[in-house]
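# Structure at a glance
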Amino acid sequence: MRGLKLSARHGLSLAMLLPALACADPASATVDGPTAAVAVKAINFLQPKPGKPTPITIVADSGQSAAGDAIKTALGADVTATVVNSGNDLAGAVAVIVVGGVDVSAKAAAGQLIIGDMACMEAGKCALAVERQASGAAKYHVNTAALAKAGVSFDKNFQMLVTAH
Amino acid sequence: MKKYVLLSATALIAVGAQAQTINYTALQDAFGQPVTTSATGKPQVASDAPASLRIISAADIKASGLDNLPDILSRYSGLDVLRWGTGAADVAIRGYNHGHYGRLLVRVNGRQVFNDHYAMVVWNTLPVALSEIKQIEIVKGPVGAIYGFNAVAGVINIITVNPLYDETGTVTLRAGNNDKREANMVKTLKLGDSLGLKLSAGYKEADEFQRGKLTTAERNRLRDMEANHVSASGLAQVADNIQVGVELSRSYSLQDNYTTTNTYYAIDYVARAAKLDVDVDAGNVGLLNLSVYRNWLDFNYLGLGTASDARLTVAQVSDLIQLDTDHTVKITSEYRRSEMGRWPTPGGRISADIFAGSLMWDWKVSDNISFTNAVRVDNFNLGYDGAAMTPRLLSEFDTKLTKGSFNSGVVYKPTSEDTLRFTYGLANQLPAMFELGGFYGAGTVGNPELKPASITSIELGYDHALPVINGSFGITAYRQQTKDVKATTGGTADRILVNGTLTQTFINAGESSSWGMEADIRGAVAGGFTYGASYTWTDIDDNLTINKGPLPTRPVYYEKASPKHKLRGNVGWTSGALSADLGLTWQSGRYQLRPGAGAQTGFLIPTKIDSYTSGTASVAYTFSTGTEVRATATDFLRASTPTTSVLETERRVYLSLSQSF
């Protein structure tokens, strides 16, 4: 037990150091084709799991349709993607990828996962954003309030690996 | 407040939940790096783990071209392999290696394959074909608070493909020099969306090495290696939120072990295991796991004509709860019973009942800092049933003790490319059942009062991603201390009074400490080339209460038995269907104890093993039909290399033919 007490003291010392080290916001991410291709992998962890190919709608602002098409091209065979403008209906899509500053949060159906850039996620207009790192690793960011509002839930193992905001 | 919203939402939808066990393949694909539970018990991407962690992927295993786990593990920093023969090897982490090394816990899919009876791993009895391994997770440093006794140098978790998520089918045939022959097969089968099955079977044999300095008695005891295994497992989604898994296995190995008494014995082992897992996504109650398994081991020392058996039963319940977005806890309770039939003189059975409880708390302090703590308490109760073990009194086997283990770690990521890690660990190495009283022979008896060795470690690590070379660099430095080092029986000079009778027995024998460092770099460059290099420094200082004379009498000699320096490097190349791999290792000299003869009878002679360089090479061609033809050579630089002071490791050359289906 003496060892445990000593160990606890080590742990407390570490705890006191932590606030001083906390800093740095994640780099902002932009939804482009490669980022979207990573982001839609989160669909594999939705509960309940959707069937494949999974229908996805890409919503692009006017003037952003080329970016929308680039995203559509980058997505794999596990999804069927459609590019629409913000005036269109989103019904039937399991996930919605937002390009630019479009806000579809008010018109998204229950259970739809809205994917956007970091600013969109932090503002609560999107539920999920992906930060791709130079090493090739990916970091998934989720807005918990947006997820709850949309009634979207992930597999618990995946949920423990994401960064919640 | 908002942090709890996600959890509430999850609870509402839990009825429709799936995937209680981890889908390593899908998670690695999503996160772009391997995912592990080895460091804390909760899923983490490898770079977040508060431990010195190395994950060997299925692709790494395949690219190496090697045919056995110890050879594969020997390619990584901090690991030290003593190869005793074609079948037997001991794998150590951070020094202290010897015959029947007992500081490393090894598990296959969560089931302990470390054998409590002699505190050792018989690698040939692992019921696994290399082609079914999803990943091998190596945690360096004590992790007793997560795994309990014996995870003192580290833990190796071998994860095989999951038949519910992964599909694989491979048949492999191998043949080579030393009359090597091998065949193995792995196949997964999906029956609908809710049931996956996996079958694995294999057989291998090879002649024993011949060169080396052995006594006539030892040489007469050698046998050629032979091993086989069969295992069947299934995972079923029995409800939306419940998975049930079953594993059954049997394996056999005949091999020549270099034992703690510093001599060879041919031993045959039959290992059997049965395991049941139930995983439940219980909504906001967490991820529940019930794991129950039993290992049976029959062993027979052929040269002595004496056999016995050991049995391990484990029942574990755990709950992994994400309290909110920043805090995750894992609560575990465990009961385990280890038994062993008295050996080599039968007539009794020694047993240990262990009740344990542990708590892990992971705190995400900020986006770039995490702080993890884990504590575990083990209550140990020794028992003995059978005939008297004179001079021991049966009342001496009524031993009880309580030991605590602790792990703490901070991971700080100042940038997306840099990770700093500081960890502290306290773990306990339980004596083998053999040492506590399972051994009873002429003039020698176990010691039920032998204390667990206590190991503490403090460690600082730094990892840096190097996107410019599509690779990474890492360095770890540590300080480790071992108290109450266990010492095996010595000669007649080491006899002590046990209840008034001079007896050879096992004792605690002082302390040993070490400094160490591991540095790794790896990357990939244009043209299909990959490369890796590592340096391992290990400096051990023994402060023992034994072996004070001019020559050792008890077989404990750690400070000169571990090579101080090891350099490793490997280069891989792939171009279309063709691939090749070359690995080179240099290590400094070390000593190993050998029994003295003539005037030195009763003493152990430190015998120098000179520094050496060894190499492995493999080249493969894969046809469009999924057929792979591969040639591999190990220790190919010379006909045989004195990697130990006994049997030399001979050059092995073999051809492998694999077919996917």
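Residues numbered from 1 in each chain as written. Chains lettered and ligands numbered in written order. Predicted model: local features only at pLDDT ≥ 70, side-chain atom pairs only at ≥ 80, totals over all residues. Heavy atoms only, no water.

## Observations concerning the overall build of chain B
For chain B, the helix and strand inventory stands at 8 helices and 42 strands. On C-alpha atoms alone, chain B measures out to a radius of gyration of 24 Å, which is about the 26 Å that the 2.2 N^0.38 rule sets for 661 residues. Taking the principal axes of the C-alpha coordinates as reference, chain B spans close to 75 × 55 × 45 Å. Among the 661 residues that make up chain B, the fraction classed as buried is 61%. Across chain B, the fraction of contacts at a sequence separation of at least 24, relative to all contacts at a separation of at least 6, is 62%. Total accessible area on chain B stands at roughly 23700 Å², and carbon and sulfur atoms take up 58% of it. (Helix = DSSP H or I, 4+ residues; strand = E, 2+ residues; numbered from the N terminus. Rg over C-alpha atoms; globule rule 2.2 N^0.38 Å. Buried < 20%, exposed > 50% of the residue type's maximum accessible area, 1.4 Å probe, protein only. Contact = heavy atoms within 4.5 Å. Areas by Shrake-Rupley, 256 points an atom, 1.4 Å probe, with all protein chains shown as cover.)

## Some points on the overall build of chain A
For chain A, the helix and strand inventory stands at 6 helices and 9 strands. Residue pairs in contact within chain A that sit at least 24 positions apart in sequence constitute 55% of those at least 6 positions apart. In the form shown here, chain A has an accessible surface area of approximately 7100 Å², with 55% of it arising from carbon and sulfur atoms.

## Topic: a nonpolar patch on the surface
A cluster of nonpolar side chains, namely Val171(B), Leu173(B), Leu578(B), Val619(B), Tyr621(B), Phe623(B), Val629(B), Leu655(B), Leu657(B) and Phe661(B), defines an oily patch on the protein surface of about 840 Å² accessible area. Of all the elements in the fold, those that place two or more residues in the nonpolar patch are β10 (169–176), β38 (612–622) and β42 (652–660) of chain B. (Patch = residues over 30% accessible without salt bridge, like charges linked within 9 Å, V, L, I, M, F, W, Y side chains within 5 Å. Salt bridge = Lys/Arg side-chain N within 4 Å of Asp/Glu carboxyl O.)

## Concerning the state of the cysteines
Residue and element names in this part refer to chain A. For the structure on display, the rule yields 1 disulfide over all chains. The disulfide partner of Cys120 is Cys126, and the gap between their sulfur atoms is 1.7 Å. Handedness here is read from the sign of the S-S torsion; for Cys120 and Cys126, about 75 degrees, the answer is right-handed. On the basis of relative accessible area, Cys120 is assigned to the buried category, the value being 7%. Taking relative accessible area as the criterion, Cys126 reaches 1% and is therefore assigned buried. (Disulfide = S-S within 2.5 Å.)

## A few points about the pattern of salt bridges
Residue and element names in this part refer to chain B. This structure, assessed with the given rule, holds 44 salt bridges over all chains. For Arg376, the salt bridge is made with Asp378, and the minimal N-O distance between the two is 2.9 Å. The exposure class of Asp378 is buried, given its relative accessible area of 1%. Among the salt bridges present, the one from Lys564 reaches Asp539, with a minimum N-O distance of 3.7 Å.

## What to know about the sheet that holds strand β24 (residues 439–441) of chain B
Residue and element names in this part refer to chain B. Pairing is mixed in the open sheet, where 3 strands are placed in the order β19-β24-β25. Since the sheet does not close on itself, it has two edges, and those belong to β19 (343–344) and β25 (444–445), each with one partner. Where β24 and β25 come together, 2 bridges link them in antiparallel fashion. When the bridges of β25 are listed, Tyr440 appears paired with Val445. (Pairing = 2+ DSSP bridges.)

## Concerning the packing of aromatic side chains
Residue and element names in this part refer to chain B. Taken as a whole, this structure holds 26 aromatic pairs over all chains when the rule is applied. Ring centres of Phe434 and Phe506 lie 6.1 Å apart, and the angle between their planes is 75 degrees; this geometry places the pair in the edge-to-face category. Residue Phe434 is found in helix α7 (residues 433–438), and its partner Phe506 is found in the loop between β30 (501–503) and β31 (507–508); the two are separated by 72 residues along the sequence. On the basis of relative accessibility, which here comes to 6%, the residue Phe434 falls in the buried class. The structure contains a cluster of three or more aromatic residues connected by ring pairs, namely Tyr118, Tyr265, Phe299, Tyr301, Trp343, Phe434, Phe439 and Phe506. Cation over ring: Arg94 sits above Tyr478, and NZ or CZ is 4.1 Å from the ring centre. Seen from the ring of Tyr96, Arg103 lies directly overhead, with NZ or CZ sitting 4.1 Å from the centre. (Phe/Tyr/Trp six-rings, centres within 6.5 Å; stacked < 30°, edge-to-face > 60°. Lys NZ or Arg CZ within 6 Å of the ring centre and 35° of its normal.)

## Brief notes about empty space enclosed by the protein
Residues and elements named next belong to chain B. Counted by the stated rule, this structure contains 11 cavities of 30 Å³ or more. Estimates place the volume of the second largest cavity at around 480 Å³. Taken together, 35 residues line the second largest cavity, and the ones lying closest to its centre are His98, Gly99, Thr260, Pro555 and Tyr558. Listing elements by their share of the lining of the second largest cavity, those giving two or more residues are α7, α8 (558–561) and β36 (590–595). It is β36 that contributes the most residues to the lining of the second largest cavity, 4 residues altogether. Of the residues assigned to the lining of the second largest cavity, the class counts are 19 nonpolar, 12 polar and 4 charged. (1 Å grid on protein atoms, 1.4 Å probe; cavity = no way out; pocket = protein on both sides within 12 Å on 5 of 7 lines; lining within 4 Å. Points joined across faces, edges and corners; volume = space filled by probe spheres on them. Nonpolar A, V, L, I, M, F, W, Y, C, P; charged D, E, K, R; others polar.)

## Brief notes about the confidence of the model for chain A
Residues and elements named next belong to chain A. Per-residue confidence for chain A gives a mean pLDDT of 84; residues scoring 70 or more make up 82%. By mean pLDDT, helix α1 (residues 2–21) is the weakest element of chain A at 45, and strand β5 (residues 113–115) is the strongest at 97. Below a pLDDT of 50 lies the segment residues 10–29, which in the model reaches 34 contacts outside its immediate sequence neighbourhood of four places, other chains included. (pLDDT = per-residue confidence, 0-100.)

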